[in-house]
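Descriptive structure summary
The chain contents come next:
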Amino acid sequence: MDGAGEHGASESGNGNRTRKRGGKPAAPAADFVYGQLPSREVVLRFIADHPQKASKRELYKAFGIKGDDRIALKDMLRDLEDEGMVERNRKSLVRPGALPPVTVLDITVRGKDGELIARPAEWLDEMGVAPAVAIRQSSNAGRSGRDKAPVAGLGDRVLAKIFPATDRGGPAYTARIIKVLDKRKNAGMGVFKVTPGGGGRVLPIDRRGEELVVDPDYTNNAQDGDLVEIETLRIGRYGLARAKVLSVIGSVASEKAISMIAIHAHGIPYIFPDKVMAEAEAAKPASMSKREDWRKLPLITIDPADAKDHDDAVYAEDDPSPDNPGGVIVTVAIADVSWYVRPNSPLDREALKRGNSVYFPDRVVPMLPERISNDLCSLREGEDRPAIAVRMTFSKAGRKAGHTFHRIMMKSAAKLSYQQAQAAIDGAPDEKTGPLLDTILKPLWHAYRIMTIGRDRREPLELDLPERKILLKSDGTVDRVFVPPRLDAHRLIEEMMIQANVAAAETLEKARQPLLYRVHDTPSLAKQEVLREFLGTLEMSLARGNLRSSHFNQILDKARGTPVETMVSEMVLRSQSQAIYSPENLGHFGLNLMKYAHFTSPIRRYSDLIVHRGLVKALNLGEGGLTMEEEEVLDDIAAEISTFERRAMKAERDTVDRLIAHHLAGRIGESFDGRVSGVTKSGLFISLPQFGADGFVPVSTLGMDYFIYDEAHQALTGEKTGLGYRLGDNVEVRLAEAIPLAGSLRFEILSEGRRMPTGARSFHKSGRKSVKRPGTRPPRGRR
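Being a predicted model, the structure only gives us computed values, none of them experimental. (Residues numbered from 1 in each chain as written. Predicted model: local features only at pLDDT ≥ 70, side-chain atom pairs only at ≥ 80, totals over all residues. Heavy atoms only, no water.)

A short note on the overall build of the chain
Looking only at helices and strands, one finds 17 helices and 34 strands in the chain. In the chain, which comprises 783 residues, the proportion classed as buried is 51%. Taking contacts inside the chain between residues at least 6 apart in sequence as the whole, the part at least 24 apart equals 68%. Carbon and sulfur atoms form 49% of the exposed surface of the chain, whose accessible area is close to 35,300 Å². (Helix = DSSP H or I, 4+ residues; strand = E, 2+ residues; numbered from the N terminus. Buried < 20%, exposed > 50% of the residue type's maximum accessible area, 1.4 Å probe, protein only. Contact = heavy atoms within 4.5 Å. Areas by Shrake-Rupley, 256 points an atom, 1.4 Å probe, with all protein chains shown as cover.)

Written out as structure tokens, the structure reads:
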């Protein structure tokens, strides 16, 4: 599920599939009637979503197949196997080379005809041999700009779009290169530490890395504490592997530099080229060309107190129309980035290369230079700024009656923080909010209450997991971790932004203008089955067939206030698909919306800039519209920015992990209150809620027993004692090891295991997957 929603809120929506106007049909929907024979397409999708586990028994169970239909399904599976659409792996069926549609590949060899052959960069050993992928190399003759196909060679790492192969005699897939990532397989990063006598060692910056030895001739003048790029040399039979320092990136002696590790490790561009900076500095304030003058409308911005850029402003009023008694008009104005960042300009190419801004506790890596993001496009109080605004009309029942888009010049009447606006509404206005209370703030809250009626009727997914923030000291170390309060002011802005996003998607689709949707597909059948089996252990059930977000809300409501509330919430979250960008409209399952696009943050998301350009073109609003060349490559743009979004999220998470590991490194041996946040056959993942930290307890340290992994119960259970640990359990742990550079924490569990349900103890006897691991040390209470 998407973790980066509007204004920090999580987002999620409806999985109904529609045909893209003027384009090819979307992928077949996974609709089926429980208890009836599914179509080939639905079966193939289940197998693709459920690799290594799609046995006939699981298929019968997932689709409710009984009687004669079981024979028909067996015949269908046999036909699919004969056609090469699926293949058998022990007792399960898998799609040949089951790769996601966009994959990072390593080009490893040349085929017999000279073509490049790649394999996925990340492939789990238990999934068998990684599938081979033939690279399509297109001619670049006569091409320029974005149309120019990237050229790759042996040893390159590439981001590629995957297609099923048509040639039965070759690799299972072919690929078209989207971008050359140029990261050699034997290259890596680490932190250099000088050793006596010359040379040094390189400490890993990832959890699976190992120390490497650097001989004196290969240090490249690296100093103690430098972040370095290395090449792994030939590994001998004994001792540590050796490495050569290729380049010195800079010192990471201070915690302030920890985010730089993630920036470099994930390949995030952070220095703007001279051409980009020159274009930004040369930009002039926007003209009034084809703009409406809205500078007298008292739009205001409501943002975090420390926000440096302001890309959205709001205003609300009663609808004066007699046809809409009790209704309201809500206006959302968004910074007009499309005026300054034109297609295929240096600014545009750099923005696409970044995809989005990346937010770390100690810094921001912006998508656009500060001259654009914090100045010309920031809706500053009292200053003229260009914007694209949407005026939306709602009935008193919260139903949207209509909307219109406008290209405007505005002047923000006030810059407020969330806390400031909320305090005024709660009866404690200050000198700034006092004069705005009756004329601006109260009408906004009145409109929000009306919009909430429509939101409640829509029933979006109500997964409200706390979001922790890290507050740093002046030296870059962690001061404290806290959960900021969730205010109505946050919800007001979030709902108004969601409705503006819906309006943008509706307008562009009506105009048959290609766009990038923000899509969040229905949970896969495989994940539904995992969740359904887990809920069954709690005597809870999940409906079958075409699920809606309301079905998950019913589960969450039933668990609310019970000891299993957190456990159920996390399992529901894990069952959700990940939100992505796509020119095909799949709807937004979590928000329960048919049409949804990102429009409200063009300063920090490239997707929103594309939507702005689409509106400018579709509504004939002047310069800076979407070009035909961009429309032709929307598939590639969607794939790139979806990948860059995941890259940013991973880099942000890694940085938090490293900061917390630094913070706790001096507390080895101390005990903490934790919670089991994940269960695998290898051990338990433990979260420390007060720090927002995650660590691991290896199964070998759990105690003198054999521990059985039960996927259905999400538990590890001692075979002899029947005692164990389950997802969501509150436990006491001791910090055994902290590796700050890798962001890794290892714990020892101190709490006695609890009595597990009978099913969890006898799970291995049914013949399903189990794991037995001998412990090496009994926890406290068993000694």
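Now that the structure has been shown, the text picks up again.
Brief notes about helix α4 (residues 258-265)
With 6 of 8 residues buried, α4 is to be regarded as a mostly interior element. Buried within α4 we find Ile258, Ser259, Met260, Ile261, Ala262 and Ile263. Looking at the buried positions of α4, the neighbouring elements they touch are β11 (226-232), β18 (364-365) and α16 (634-664). At the C-terminal side of α4, Gly267 shows a positive phi close to 65 degrees.

As for helix α2 (residues 56-63)
Restricting attention to buried positions, one finds in α2 the residues Leu59, Tyr60, Ala62 and Phe63. Relative to the axis of α2, the buried residues are bounded by an arc of 170 degrees and lie together on one face. (Arc of directions from axis to C-beta.)

Some words on a positive patch on the surface
Judged by side-chain charge, Lys56, Lys66, Arg70 and Lys74 come together as a positively charged surface patch. Within the secondary structure, Lys66 sits in the loop between α2 and α3 (68-82). (Patch = residues over 30% accessible without salt bridge, like charges linked within 9 Å, V, L, I, M, F, W, Y side chains within 5 Å. Salt bridge = Lys/Arg side-chain N within 4 Å of Asp/Glu carboxyl O. Lys, Arg positive; Asp, Glu negative; His and termini not counted. Charge placed at Lys NZ, Arg CZ, Asp CG, Glu CD.)

Digging into the pattern of salt bridges
Taken as a whole, this structure holds 47 salt bridges when the rule is applied. When the shortest N-O distance is used, the salt bridge between Arg363 and Asp362 registers 3.7 Å. Its salt-bridge partner being Glu737, residue Arg746 comes within 3.3 Å of it at the nearest N-O pair. Among the residues examined, Arg746 registers a relative accessible area of 30% and is labelled partly exposed.

A short note on the confidence of the model for the chain
Of all residues in the chain, 84% attain a pLDDT of 70 or more, and the chain-wide mean is 84. Low pLDDT (under 50) marks residues 139-147, which in the prediction has 14 contacts with non-local residues, meaning those over four places away or in another chain. Per-residue pLDDT stays below 50 along residues 761-783; that stretch engages in 71 contacts with residues further than four places along the chain or on separate chains. (pLDDT = per-residue confidence, 0-100.)

Here we look at the nonpolar core
Core analysis: the largest hydrophobic core is formed by 51 residues, its most contacted members being Val568, Leu684, Ile686, Leu688 and Leu702. Broken down by element, this core gets its largest block of residues, 5 residues, from α16. The contacts of Leu688, once residues within four sequence positions are left out, are Leu664, Phe672, Asp673, Gly674, Ala693, Val733 and Phe747. (Core = buried A, V, L, I, M, F, W, Y, C linked by side-chain atoms within 4.5 Å.)

Here's the deal with the pairing of strand β31 (residues 723-726)
Going residue by residue along β31, you find Leu723 and Tyr725 tucked away on one face and Gly724 and Arg726 tucked away on the opposite face as well. Relative to β31, strand β30 (residues 715-718) runs antiparallel, the two sharing 3 bridges. Along β31, the bridge assignment pairs Leu716 with Tyr725. Here β30 hands over to β31 after 4 residues, with Gly722 in that stretch at a positive phi of 75 degrees. Bridge analysis of β31 against strand β34 (residues 754-755) gives 2 bridges, and the strand direction is antiparallel. Bridging from a neighbouring strand, Gly724 pairs with Arg754 of β34. (Pairing = 2+ DSSP bridges.)

Section: unusual backbone geometry
Unusually for a residue other than glycine, Glu539 sits at a positive phi of about 60 degrees. Note that Glu539 resides in the loop between α11 (525-536) and α12 (549-559). A residue is classified by how much of its surface remains accessible, and Glu539, at 73% relative accessible area, is exposed. Residues other than glycine seldom take positive phi values, yet Asn620 does so here, at roughly 55 degrees. In this structure, Asn620 sits in the loop between α14 (606-618) and α15 (628-632).

Some remarks on the pairing of strand β9 (residues 200-204)
Of the two faces of β9, the one lined by Gly200, Val202 and Pro204 is fully buried and the one lined by Arg201 and Leu203 carries no buried residue. Pairing analysis gives 3 bridges linking β9 to strand β10 (residues 212-214), with the strands arranged antiparallel. Counterpart to Arg201 in the pairing with β10 is Val213.

A closer look at the sheet that holds β34
Taken in spatial order, the 4 strands line up as β29-β30-β31-β34 in an open sheet, and their pairing is antiparallel. Of all the strands in the sheet, the pair left with one neighbour each is β29 (707-710) and β34.

A look at the environment of Leu93
Considering the arrangement of structural elements, one finds Leu93 in strand β2 (residues 92-94). Put simply, Leu93 and Leu77 are 16 residues apart on the chain and 8.8 Å apart in space, counted from C-alpha to C-alpha.

Let's talk about the packing of α2 against α3
At a minimum axis separation of 11 Å, α2 and α3 run at an interaxial angle of 125 degrees. Here α2 is positioned oblique relative to α3, judged by the angle of their axes. Relative to α3, α2 is oriented so that their crossing is right-handed. Contact residues: Lys56, Leu59 and Tyr60 in α2; Arg70, Leu73, Lys74 and Leu77 in α3. (Axes fitted to C-alpha atoms, helices over the stretch in contact; angles between N-to-C directions. Parallel < 35°, antiparallel > 145°, perpendicular 65-115°, else oblique. Left-handed = near helix turned anticlockwise from the far one by under 90°.)

Brief notes about the packing of aromatic side chains
Across all of its chains, the model carries 4 aromatic pairs by this definition. Taken together, a centroid distance of 5.5 Å and an interplanar angle of 90 degrees make the contact between Phe405 and Phe599 edge-to-face. Remark: Phe599 occurs in the loop between β25 (580-582) and α14 and Phe405 occurs in strand β20 (residues 400-411); sequence separation between them is 194 residues. You can call Phe405 buried: its relative accessible area is 10%. Judged by relative accessible area, Phe599 falls into the buried class, the value being 0%. Taken together, a centroid distance of 5.9 Å and an interplanar angle of 80 degrees make the contact between Phe672 and Phe691 edge-to-face. Here Phe672 is found in strand β26 (residues 671-680), whereas its partner Phe691 is found in the loop between β27 (683-688) and β28 (693-698), with 19 residues between them in sequence. (Phe/Tyr/Trp six-rings, centres within 6.5 Å; stacked < 30°, edge-to-face > 60°.)

Description of the packing of helix α6 (residues 346-354) against α16
One can describe the packing of α6 onto α16 by two numbers: an axis separation of 8 Å at closest approach and a directional angle of 55 degrees. Accordingly, the angle class assigned to the pair α6 and α16 is oblique. Side by side, α6 and α16 meet where Leu352, Lys353 and Arg354 of the first sit next to Ile637, Glu640, Ile641, Phe644 and Arg647 of the second. Along the lines of polarity and charge, the residues of the contact of α6 with α16 split into 4 nonpolar, no polar and 4 charged. (Nonpolar A, V, L, I, M, F, W, Y, C, P; charged D, E, K, R; others polar.)

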